[in-house]
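# Coordinates in review
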Amino acid sequence: MQILSVVGARPQFVKLAPIASALRGKADHVIAHTGQHYDELMSDVFFQDLGIPAPDYNLAVGSGPHGQQTGTMLAGLERVFDQVRPDWVLVYGDTNSTLAAAIAAAKMHIPVAHLEAGLRSFNRRMPEEHNRVLTDHAADLLLAPTEVAMKHLTNEGLAGRSVLVGDVMTDVLYLTRDAIAAKQQSLPLGLSLRGYYVSTIHRPDNTDDANRLTCIVEQLAALDKPVLLLAHPRLRAMASQHEINLSQGSIKPIDPLAYPELISAVQHSAGVVTDSGGLQKEAFLLRVPCTTVRPETEWVETVELGWNVLVSEDLTQLGPAVTRRPPDPTAATPYGSGEAAAAVVHALLT
Ligand code: UD1
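Here is what the cut-offs are and how they apply
- Residues numbered from 1 in each chain as written.
- Predicted model: local features only at pLDDT ≥ 70, side-chain atom pairs only at ≥ 80, totals over all residues.
- Heavy atoms only, no water.
- Helix = DSSP H or I, 4+ residues; strand = E, 2+ residues; numbered from the N terminus.
- Rg over C-alpha atoms; globule rule 2.2 N^0.38 Å.
- Buried < 20%, exposed > 50% of the residue type's maximum accessible area, 1.4 Å probe, protein only.
- Areas by Shrake-Rupley, 256 points an atom, 1.4 Å probe, with all protein chains shown as cover.
- Lys, Arg positive; Asp, Glu negative; His and termini not counted.
- Charge placed at Lys NZ, Arg CZ, Asp CG, Glu CD.
- Core = buried A, V, L, I, M, F, W, Y, C linked by side-chain atoms within 4.5 Å.
- Domains from an automatic or database assignment.
- Contact = heavy atoms within 4.5 Å.
- Expected span 1.5 Å × (residues − 1).
- Near = heavy atom within 4 Å.
- Polar contact = N/O pair within 3.5 Å; in protein donor to acceptor, adjacent residues only side chain to side chain.
- Nonpolar A, V, L, I, M, F, W, Y, C, P; charged D, E, K, R; others polar.
- Axes fitted to C-alpha atoms, helices over the stretch in contact; angles between N-to-C directions.
- Parallel < 35°, antiparallel > 145°, perpendicular 65-115°, else oblique.
- 1 Å grid on protein atoms, 1.4 Å probe; cavity = no way out; pocket = protein on both sides within 12 Å on 5 of 7 lines; lining within 4 Å.
- Points joined across faces, edges and corners; volume = space filled by probe spheres on them.
- Phe/Tyr/Trp six-rings, centres within 6.5 Å; stacked < 30°, edge-to-face > 60°.

This next bit is on the overall build of the protein. Of the regular secondary structure elements, the protein holds 15 helices and 13 strands. Rg of the C-alpha trace for the protein: 19 Å, near the compact-globule value of 20 Å for 350 residues, within the 12% margin. Principal-axis analysis of the C-alpha atoms places the extent of the protein at approximately 55 × 45 × 40 Å. Put simply, the protein has 350 residues, and 58% of those count as buried. On the protein, roughly 14300 Å² of surface is accessible, and the fraction owed to carbon and sulfur atoms is 52%. Each charge sign in the protein was given a centre, from 27 positive and 38 negative side chains, and these centres are 2 Å apart.

In structure tokens form, the structure reads like this:
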């Protein structure tokens, strides 16, 4: 059996790692990279650190407006699929690369499996929300990470094509956490254990409006501990365009971290402030309190269990939320036990 994985953006490389490993020796696995993320720190280091085989195809699509970016991928992937003719196209998450691959495969009558199916924010302003809904409805096999995701798929009439497999990000996080523990890495920039926060801000809703980004940066700058701000290229570009200084107050802006360094930085921090989807869940899995700068989250379990607080409309609540009392311990495992990739491979091969 031949499986063709399509990836393009940073969170997809993380999800690809456990799948590539679980498929080894079980199926012929071809990897196509759309090139949506192309900086070394946003792409190459993930392949190296997570032991992912180099992509067989790289479309080098790069940045652009959504329609142009998605359309260029669509045309490029059609050529790749025509050449490979896989048994399955496997798509990951909710980026423009996910949607382009799902449409290209569906139109060529190649079965599509969607990993991380069924997540919903119900916020139609997010490009990721369109990408998820459209991909789920185009796909033939929906690989859901959580019970909540299964419920959403059932509500949309998609239960017959859905399988609960767990979350592959748990697989890769647990492996990385154990590898870090064995290596005893030191903390970046001389920071002390639980003496700093980790932050990432990159969503257009937070970066593109000058007033909103100014407020977020001011709130981070006023926090009671240093803030390791892992600056995504979009944040750097928009801060420079709006003439906002990222190096103010408590903030220490640095380049995005490689995955093992990110996990180590979060694990030893006092808390996370983010608008990333993945990081909210990584914080929870490492039992680090998270504050999410968004009006809603797809990972509702993190909020229900008290480990994640959403702040969006009133940004003055950001400081109090970040410095809140730590939540009660929990042994809940809404994101599985770290064996999701094996369940994905089983679903694809049977
Ligand atoms: C994309 C995904 C988002 C995911 C995020 C993770 C979509 C719609 N969004 O958002 O779901 O959370 O990736 O990072 O697919 N840029 C660089 N170098 C790079 C990549 C991007 O400089 O390697 C710049 C681009 O020029 C662009 C900006 O960053 O201005 C945004 O990149 P883009 O791929 O459009 O979306 P992300 O915001 O990264």
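Here the narrative resumes, following the displayed structure.
What follows covers the nonpolar core. Ile 19, Leu 77, Phe 81, Leu 90 and Leu 143 are the most contacted members of the largest nonpolar core, which has 89 residues in total. Among the elements that line this core, the one with the most residues is helix α1 (residues 10-23), at eight residues. Counting contributing residues, this core receives three or more from each of domain 1 (2-167 + 336-349) and domain 2 (175-322). Those residues in contact with Leu 77 that lie beyond four places of it in its chain are Val 6, Ala 32, Thr 34, Leu 59, Ala 100, Ala 101 and Ala 104. If you look at the next biggest cluster of nonpolar residues, it comprises 24 residues, including Tyr 197, Leu 223, Ile 251 and Leu 315.

Quick look at the side chain of Glu 301 now. Among the structural elements, Glu 301 can be located in helix α13 (residues 300-304). Filtering out sequence-adjacent residues up to four positions away, Glu 301 remains in contact with Thr 146, Val 148, Pro 334 and Tyr 335.

Attention now moves to helix α4 (residues 96-107). Counted at 1.5 Å a residue, the expected span for α4 with its twelve residues is 16 Å, and the 17 Å between its end C-alpha atoms agrees. With respect to burial, α4 is a largely interior element, nine of its twelve residues being buried. Listed as buried for α4 are Asn 96, Ser 97, Thr 98, Leu 99, Ala 100, Ala 101, Ala 102, Ala 104 and Ala 105. Next to the buried residues of α4 lie β1 (2-7), α1, α3 (66-84), β4 (88-92), β5 (112-115) and α5 (127-138).

On to the site of the ligand. Around the ligand lies a shell of 21 residues, among which Gln 36, His 37, Asp 39, Ser 63 and Glu 128 are the nearest. In this structure, Tyr 38 approaches the ligand through a main-chain N or O atom, which is 2.9 Å from an oxygen atom. Note that an oxygen atom of the ligand is positioned 3.2 Å from one of the side-chain N or O atoms of His 202. Counting residues per element, the ones that place at least two in the shell around the ligand are α1, α3, α5 and α10 (233-241). Here the shell around the ligand is built from residues that sort into six nonpolar, nine polar and six charged. Residue contributions to the shell around the ligand reach at least three from each of two domains, namely domain 1 (2-167 + 336-349) and domain 2 (175-322).

Packing of helix α7 (residues 168-183) against helix α11 (residues 259-267) leaves a shortest axis separation of 10 Å and a crossing angle of 80 degrees. Relative to α11, α7 is oriented roughly perpendicular. On the side of α7, the interface is formed by Met 169, Val 172, Leu 173, Thr 176, Arg 177 and Ile 180, while α11 contributes Tyr 259, Pro 260, Ile 263, Ser 264 and Gln 267. For the contact of α7 with α11, the class distribution of residues is seven nonpolar, three polar and one charged.

Turning to the layout of surface pockets, a few remarks are in order. The space that makes up the second largest pocket amounts to roughly 210 Å³. As for the second largest pocket, its lining consists of 14 residues, of which Ala 17, Pro 18, Ser 21, Val 172 and Leu 175 are closest to the centre. Those elements giving two or more residues to the lining of the second largest pocket turn out to be α1, α7 and α15 (340-349). Along the lines of polarity and charge, the residues of the lining of the second largest pocket split into eight nonpolar, four polar and two charged.

Right, let's get into the packing of aromatic side chains. Applying the stated criterion across every chain yields a total of four aromatic pairs. Seen in terms of ring centroids, Phe 13 and Phe 46 are 6.4 Å apart; in terms of plane orientation they differ by 50 degrees. Their pairing is tilted. Within this pair, whereas Phe 13 is found in helix α1, its partner Phe 46 is found in helix α2 (residues 44-49), the two being separated by 33 residues in sequence. Each member of the pair Phe 13 and Phe 46 is classed as buried.

This brings us to the side chain of Thr 146. Within the secondary structure, Thr 146 is located in the loop between β6 (141-144) and α6 (147-155). Among the polar contacts listed, one links the side chain of Thr 146 to the backbone nitrogen of Ala 149, at a separation of 3.0 Å. Once residues lying within four places of it in the same chain are set aside, the contact partners of Thr 146 are Leu 164, Trp 299, Glu 301, Pro 334 and Tyr 335.

Within the secondary structure, Val 273 sits in strand β11 (residues 271-274). Taking the C-alpha atoms as reference points, Val 273 and Tyr 174, 99 residues apart in sequence, are found 21 Å from one another. Val 273 has contacts with Val 198, Ser 199, Thr 200, Leu 220, Thr 291, Val 293, Leu 318 and Val 322, leaving out every residue within four places of it along the chain.

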